[in-house]
Structures are given as C-alpha cells and as structure tokens.
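# Observations on the three-dimensional arrangement
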Amino acid sequence: MSYIFLQNYWWCLISLLGGLLVFLMFVQGANLHLVNPRLTAIEKNMVVNSTGRKWELAFTTLVTFGGAFFASFPLFYSTSFGGAYWVWILLLLTFVFQAVSYEFLNKKDNLLGVKGFRIALVANGFLAPFVVGVAVGTFFTGSDFVVNKMAILDSAAPVISTWGNSWRGLEALSSPHAVLLGLALVGLTGILGALYIINNVQDDSLEEKMRRAIRVFALPFLVCFIAWVVILLLRDGYAVDETGVVFMEEYKYLHNLLDMPAVIVMLLVGVVGVLLGLWAGAFTTSRYGIWTAGTGTVLVVMSVFFIAGFNGTAYYPSSTDLQSSLTIANSSSSSFTLTVMSCVSLLIPFVLAYIVYAWRAMDKTKITQDEIESTPHKY
Amino acid sequence: MDVLLWSRLQFAMTAAYHWLFVPLTLGLALVIAVMETLYVVKKDDYWKKTTQFWMKLFAINFAVGIATGIILEFEFGTNWSNYSWFVGDIFGAPLAIEGILAFFMEATFFAVMFFGWEKVSKRFHLISTWLTGIGASISAYWILVANSWMQHPVGTTFNPDTVRSEMASVEAFWEVISNPVAVSKFIHSVTSGWVTGGVFVVGVSCYYLLRGRKIEFARKSALVGAAVGMMGTLAVMFSGDISGIHTAEFQPMKLAAAEGLEDGGRRAPFSIVPGVEIPGMLSILATHDIDGYVPGINDIINGYTDNQGNVIPSVAEKMEKGRLALSSLEEYRNLKDTDPDAAALARGVLEENVQYMGYGYLEKPEDVIPPVDMVYWSFRVMVGGGMFLALVLLLVLWYGYKGHIEKTKWLQWVAMLSVPLVYLTGQVGWIVAEVGRQPWTIQGLLPVNVATSSVSLAAVQTTFFVFLAVFALFLIIEIRIMINAIKKGPEVE
C-alpha cells in the first residue's frame, strides 16, 4: 500500500467517523427538545431515559473521532487544539456536563436540581452540534495560525503551531459561513433527535409533539444548509499543487465536486436520505425516518469532508500563512503507523456488528413509562 | 508562576481527579462480574439483587470517570501542542487499537449491563457485564502503553524531516506495545484498581455491619470484596517489584529521588524514614542482588558505571551531546534542499546524539532532579498504605471465612476507615510515577518546557479554575449521591 493510499484511506475513515458522530448526535438533538414547553414532565423523563441509553455511544464516537484524528493527522490535533483553545474547551465542558447529567439528574442531593442538569443537557444539545459545525466550517474559511517546525530549536519559544490572535478560535463566530454550518447542524441534530424519539419511545402524545418539532426545525435547517452549500460552491478555496504549494483558487469547492462525480452522487443520495427521513417524521406515521435520515447524514458529512480534503485541497487552511495550511499529505502520521492502524481498522465491521446486535436486542422493546419503571437502572 | 507550571498543574489535577474514579471502575467491574456469575451459576436471585446494588454504585462512579477521561484527551492538544505532534506517530497505533477494541466494547456492553436485565438472556447479560470490565481493562492497557513509552521510549526513530518521533518497523511496533514498563505498569495499575474495588466493597459492607443492617448481604459482599482485593494486592506487590527493577534500569533518577539517595553504591540501603535504613535492601529491590550498584542523585549528575559495565555519561556531557543534536538538526533542515552532502553529514551527527536531544534544552545539570521530598514521601505513603491495606483485607478474609466478621467491631471500623486510605495510596503512587520523572515529558527526549502550547497565562489559569470548580462540584455531588445510595441499601436483607 502506498503512503498516499494510506493517507487517503485514513481521511475516509475520519470522514466516516465524523459522519457517524453527527448521526449519533441525535442524542444531543433529542435533548434540545427538553426546552419544548409542550412536553410534560413525564414526556421529558422519557426523552432523557431514551437518550440516556445511547449517550455513551455518541460520547465514545466523539472520543474515538478525536483519538483517530490525533493518531492519523497529529499536526491537525496539535495545531487546532493548541490554537483554537476556547472552541475545544467549550465543546469539552458541554460534554463533561452531559456525561454526568444523566446519572445525577433525578438523584436526591444533586445540588443543581433536576432543572440544573436538564439545562446542562440542553446546553450540550445546542452547543455540541453548533461548535462542531463552526469548527468544520473553518475547514473552508481558514484559520489564523502559523506552523513552523524550526521553532522547536528555540527553547525560549519552541511551539511549532502558533495561533495568531487572542480569540483562540472564537473568531470563527465572525464568519457567517462557518456559523451557518453550525446552525445547520443544530437543526439537523434536532430533527434526528425527534426522529429517534419517535422510533425509540412508544407514546402517542410525545410522538405527535416530536413530529410537530420536526416541522418547526425543518425550515431553519434547510435555509441554513442550502445557504451554506451555495456559499461554499461560490467561494474561493485553498488548493494545493503537486509540490505541496498552497494557493487560492476560484470556485475551488465547486471544482472539487465537479472533479469527483462519486462525491456528487454521495452528497445527493445523502441529501435525499435526510429529506426522506424528515418527510417521514413530519408528515407520515412512519417510525423509521431516523434510519433514512441517519444514513443520509453520514453520507452528507462524508462528502463534506471529501470536498474539504481531496482533489488537491488544504483541509485545514491557514488564512494567515497559506503555506502553513494543513493537507492530508503534510499533516499525517508516518507510512508505517498508518499501515498498522489500517490493519487494526479491519476490525471495524466486527465492532459495528456487535453494536448493531446489542442495539437491536436492547431496542426490541420500545420505551414506555411502565418499561422505565420496571428497569432497575433508570435516570 | 508561568504558563508551563499552570499547564502542569492543570494536567496533574485532571489526571489525579480522573484516577479517583478509574480504579473503582476497574475494581467494582470485577466484583460485580463475580457476583453476577454467582447469580447465574447458583440461580439465586439473592446474588442478582446484590449485583444490582453494587452496579448502582458502579454507575454513579463510572459517569464521572468517563467525563474526566475526555478532558485528558483534549488537554493533550490544548495545553501540550508540541507534545501531541512529537508523539502522535507513536501513539497512533495504540490509540487506534484502544478506540476500536476497547472503547466501543465498554460503551456498547455498558448499556446492556445496566438496561438489559429484562431484555436479553441471563447468559448474554453476564457476558456483557464481563465485557464491560474487560473493555475498561483493555482500554487501560493501551493508555498505559502510551504512558510507559513516555517513561521508556522504545521503538522510536527521530525523523528530522517531520521533527517528531516515528515508529518505523514491525519490530518497533512490537517494542512499543510489549514495552516491559507497560506490562508491569498495566498489571500494577489494574490490580491496584481491584484493591480499590475490594476495599470499597469491604468498607461499605462493614458500614452495614456496624449499623446492624443487611447483615447477610454485608457478610457475603465483604468476603467477595476481600477476595478480589487480596488477589489485587498480591498482583500489585509482584508487579511493584518488577516496576522497581525497571525504574532502576530505565529511570534511575526517579528511584534515587524516591529513596532520597544522594550518593549511591553497592549494598545500597533502603530508607524506611529518614535515619532508619535497612542495609543492602535497596540493592536487592532494585537489582535483585545485594551487591548490585544503585546510583544516587550525585552519581547520575556526575556519571557512573552501571551493573552491565556501561559508562553512563554525566548530565553535563549529555547536555553537550543534546546541544550538538539540536544544532545538527538545524543545520540539516537548513541545508537539505541546497547542499545534500553537507545535510547528510549533519544528519549523521544528529543520529549519533539524538538519544540525548532533550538534554540540549536544559540550562544546568541539576534540572534533571525531580522534587525529591514529594517523591520520597509519596513512595513511603504508597508502600506503607499498601501494606496496611493488605493486612486489613487478610483479616477480613480470615474473619469472614471463620464466620466471625459480624462480631469484630474494631475490624469493621478499621475496614470502613480504610476506604479513604486506598484512594490516597493510589494517588501517591501516581505522584511517584509522574513527579518522579520530571523534567521529562518523554524521558531524555522532550522536557516539559518544550512540550507545551503557545497559550496565554490567563487562558490556562482560567481553565484551571473552571476545571477546579467543576471537579469540586462533581465530587461533592458524587459523594452525596453515593452516600444516599449506600444509606438506602440493597433490596435484600
């Protein structure tokens, strides 16, 4: 296997993990509906107990996504995490609170009360997809950093990757394009969350409220997503030539799509999947919209990553110093490490198989109020 | 204090806090797996309810452990940016294996374990319980492979083109994953978790005995807890002995600091407390030979000859070689595109001296000495505490086996009060391991001051206090909820 093949293979795996992460953020999306004033206390409890049985999987996918990025493209990890400090700390804090909220929520003496931990779940429900969306948005808008490997020789200032401003990543909020993707992701995960609840909880009243919520979320989601795609296809992009020199190219991301027909197909199939799921959730009595919308989500996110990194593109561009931009080629682990990791990745189908098996076994009985009461461990 | 110190404090605080929850997860996972096995084998609902009670406490603890684990992963990048670039290629494979093999196993079967009692078969549920614990332990192995590589960096080649350590061959990969330090550290850490789990179960059971409640439950649980804890204690002692040998061989300064040994030699004494020594004992522990040579702090600074007859250069000489490595690296990178021959020469010099590269960043030889008092006293608390806990577990096992445990009030008190001690012992153990290897992030290759990010002091201070507040809040809530759950007790008598 050539080095280039391995690098591209790992970019595909990162893209897949990114897609699965966004899909599994239905946990966050469902929790966002806890602010819905139409939901009764019992219904909110059912939502929490439903997402509470899947949050581990979403959390683990986030950790694995981060770990895989660290392992396969360590220069991205050191540059982005060490640079866009506040973005990652914010994301981290919301997930840290989410992780304990389920266990603490309904316990006596939890100091913050049910409301406090419910707010933490809602905050995570909004901020997690928003921050991830804005962070991925900077893959196309660029960030303010410089990479200088010679810096390691200077013991007074040895850091290789340095950020150019004190906003430390929060400056991405001033980019309407990046913010649009963040908002689109909030909308998408809100829809996925409602679809998941419809599928996982057996309660007519809650189901009707979730279908209504999908109709409410649909328009803002579609507006943000379409606006983001249109701007993406019209904007200049960060191209890389064969010698590794980065330069600006007009309509770069449109060119990427046109140059990669398979990605166009993937994107279109994904969008259709999301729309079908949305339609099924909003306007039919089907409970299976989560699966079409979920599959569509994975495909759309993968195609966004492909547009960002393939076809001679800098996936994490520096708007300050073009030549510091990160590409699949200049930021990856060594050939041997990627080979070993690739061998390990052959176990992924086995892992997916047991996750599907366990998921099916656990979800064959839908969640109801009675079911929650009969379970020894409830939130 | 500067950014470096705040970054270190923040990482130390997070790691120490994380280690409050991990050992109990590892230990209780084994305890509940054993109890559920008893339920399935004996077909006795009593054990099912007992398992469910301990599982409830496991869940309260597990959530905070997971929440704090992700903070460490993020801090590698946010506060230790250079480090994450420098080691990324080495940690890549272990992390991939950890993610794919361990994380998802733990996450998937955790859900079945908690919510699957009425949804899956008894056998599948039992397998899920075991797999949750096994997943947590496999995860521990791979993260300890990474930690051990920092203590003893094997299988690595420095690549001057990428300016990082790289893993270049199958042999190197095996060296990394079978690093002897990793194997002993894994056994030591995981089985210390068994001790924590065992002491916790015994302590809580003794609370019930003292209150005269749930006597049968407490008696049986204490016996299982003591058995698991005792098994852990034996493994901790065995792996601790091996760790001592490894430390003497690969990190002699850590050992010298742990012993407060200024001047070493053959038949080196083991210090119990300052002024009280056992002659020759340190040589036995560090080399398994009473005539084995153990270097002291001054020997390491000035250079010495080790037990294999190798001449170990003084720190000043290592610093000289380190500076040569750094200047050769600079020369190589400046010349590689314009003068390949001169670049090749520079690269040769770099490769000859690269093992001392980290020393090139030091200002004076004494920089290699860790905080001796902290390491010395931590080591004593760890060993003394461990021996005391072993005795407590042994007594609980003995009285439990004889059926007298409910009558020995003094032992119940001692066992209950031993719960904080087992946490203290684990914490100081990590202080020995991590403070003892200062100033190195990666032994000999990367000192802490070169491993950082270029983050402002205000940013690191802010996040330090935010995490401090969050950790304090979670700990208070966790303890209150745990105490409530214990007070309520199991559904069995």
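Residues numbered from 1 in each chain as written. Chains lettered and ligands numbered in written order. Predicted model: local features only at pLDDT ≥ 70, side-chain atom pairs only at ≥ 80, totals over all residues. Heavy atoms only, no water.

The next subject is the overall build of chain B. Scanning chain B for helices and strands turns up 15 helices and 10 strands. Against the 2.2 N^0.38 benchmark of 23 Å for 493 residues, chain B shows a C-alpha radius of gyration of 25 Å, consistent with a compact globule. Dimensions of chain B, computed from the C-alpha atoms along their principal axes, are close to 80 × 55 × 45 Å. A total of 493 residues make up chain B; the buried ones form 60% of that total. For chain B, restricting intrachain contacts to residue pairs at least 6 apart in sequence, the fraction spanning at least 24 positions comes to 77%. When the accessible surface of chain B is totalled, it reaches about 18700 Å², and 65% of it is carbon and sulfur. Between the centroid of the 34 positive side chains of chain B and the centroid of its 43 negative side chains there is a distance of 18 Å. (Helix = DSSP H or I, 4+ residues; strand = E, 2+ residues; numbered from the N terminus. Rg over C-alpha atoms; globule rule 2.2 N^0.38 Å. Buried < 20%, exposed > 50% of the residue type's maximum accessible area, 1.4 Å probe, protein only. Contact = heavy atoms within 4.5 Å. Areas by Shrake-Rupley, 256 points an atom, 1.4 Å probe, with all protein chains shown as cover. Lys, Arg positive; Asp, Glu negative; His and termini not counted. Charge placed at Lys NZ, Arg CZ, Asp CG, Glu CD.)

Glancing now at the environment of A361 of chain A. Structurally, A361 of chain A is set in helix 14 (residues 348-363). Contacts of A361 of chain A, omitting those with residues within four sequence positions, involve K119, V120 and F124 of chain B.

Right, let's get into the interface of chain A and chain B. Facing the 81 residues of chain A at the interface are 89 residues of chain B. Interface area, chain A with chain B, both sides summed: about 7500 Å², of which 75% is carbon and sulfur. One can count 2 salt bridges joining chain A with chain B. A salt bridge links K119 of chain B to E371 of chain A; the shortest N-O distance between them is 2.9 Å. Scanning the region where chain A abuts chain B turns up 19 residue pairs in polar contact (both at pLDDT 80 or more). Secondary structure elements with two or more residues in the side of chain A that touches chain B: helix 4 (55-72), helix 5 (74-83), helix 6 (85-105), strand 2 (161-163), helix 13 (335-345), helix 14 and helix 15 (369-374) of chain A. Across the side of chain A that touches chain B, the residue classes break down as 49 nonpolar, 22 polar and 10 charged. (Buried area = accessible area lost by both parts, 1.4 Å probe. Salt bridge = Lys/Arg side-chain N within 4 Å of Asp/Glu carboxyl O. Polar contact = N/O pair within 3.5 Å; in protein donor to acceptor, adjacent residues only side chain to side chain. Nonpolar A, V, L, I, M, F, W, Y, C, P; charged D, E, K, R; others polar.)

Residue and element names in this part refer to chain B. Segmentation of chain B into domains returns domain 1 (3-249 + 374-488) and domain 2 (265-361). One C-alpha centre belongs to domain 1, the other to domain 2; they are set 32 Å apart. Taken together, the contact between domain 1 and domain 2 spans 20 residues of the former and 22 residues of the latter. Counting the surface lost from both domain 1 and domain 2, the interface buries some 1700 Å², and carbon and sulfur atoms represent 62% of this. At the surface where domain 1 touches domain 2, the tally comes to 2 salt bridges. The partner of K336 in a salt bridge is D161, with the nearest N and O atoms 3.2 Å apart. Taken together, the links from domain 1 to domain 2 amount to 10 residue pairs in polar contact (both at pLDDT 80 or more). Across the side of domain 1 that touches domain 2, the residue classes break down as 14 nonpolar, 3 polar and 3 charged. (Domains from an automatic or database assignment.)

A few words now on the pattern of salt bridges. Residues and elements named next belong to chain A. Going through the model one piece at a time under the given rule, you end up with 20 salt bridges over all chains. When the shortest N-O distance is used, the salt bridge between R215 and E208 registers 3.7 Å. Residue classification places R215 among the partly exposed positions, given a relative accessible area of 36%.

Another point: the pairing of strand 3 (residues 237-240) of chain A. All names here are of chain A. Alternating residues of strand 3 divide into G237 and A239 and Y238 and V240, and every residue in both groups is buried. Judged from the 4 bridges that link them, strand 3 and strand 4 (residues 246-249) form a sheet pairing that is antiparallel. Opposite A239, over in strand 4, you have F247 as the bridge partner. Joining the antiparallel neighbours strand 3 and strand 4 is a turn of 5 residues, in which G244 adopts a positive phi near 95 degrees. (Pairing = 2+ DSSP bridges.)

This next bit is on the packing of helix 1 (residues 3-24) of chain A against helix 13 of chain A. The axes of two packed helices give the description: the angle between them and the distance between them. Residue and element names in this part refer to chain A. Relative to each other, helix 1 and helix 13 sit at 50 degrees, their axes nearing to 10 Å. Taken together, helix 1 and helix 13 sit at an angle that is classed as oblique. Considering how the two elements wind past one another, helix 1 and helix 13 form a crossing that is left-handed. Every residue of helix 13 that contacts helix 1 at Y3, L6, Q7, Y9, W10 and L13 is listed here: S335, L338, T339, M341, S342 and S345. When grouped by side-chain class, the residues that make up the contact of helix 1 with helix 13 number 7 nonpolar, 5 polar and no charged. (Axes fitted to C-alpha atoms, helices over the stretch in contact; angles between N-to-C directions. Parallel < 35°, antiparallel > 145°, perpendicular 65-115°, else oblique. Left-handed = near helix turned anticlockwise from the far one by under 90°.)

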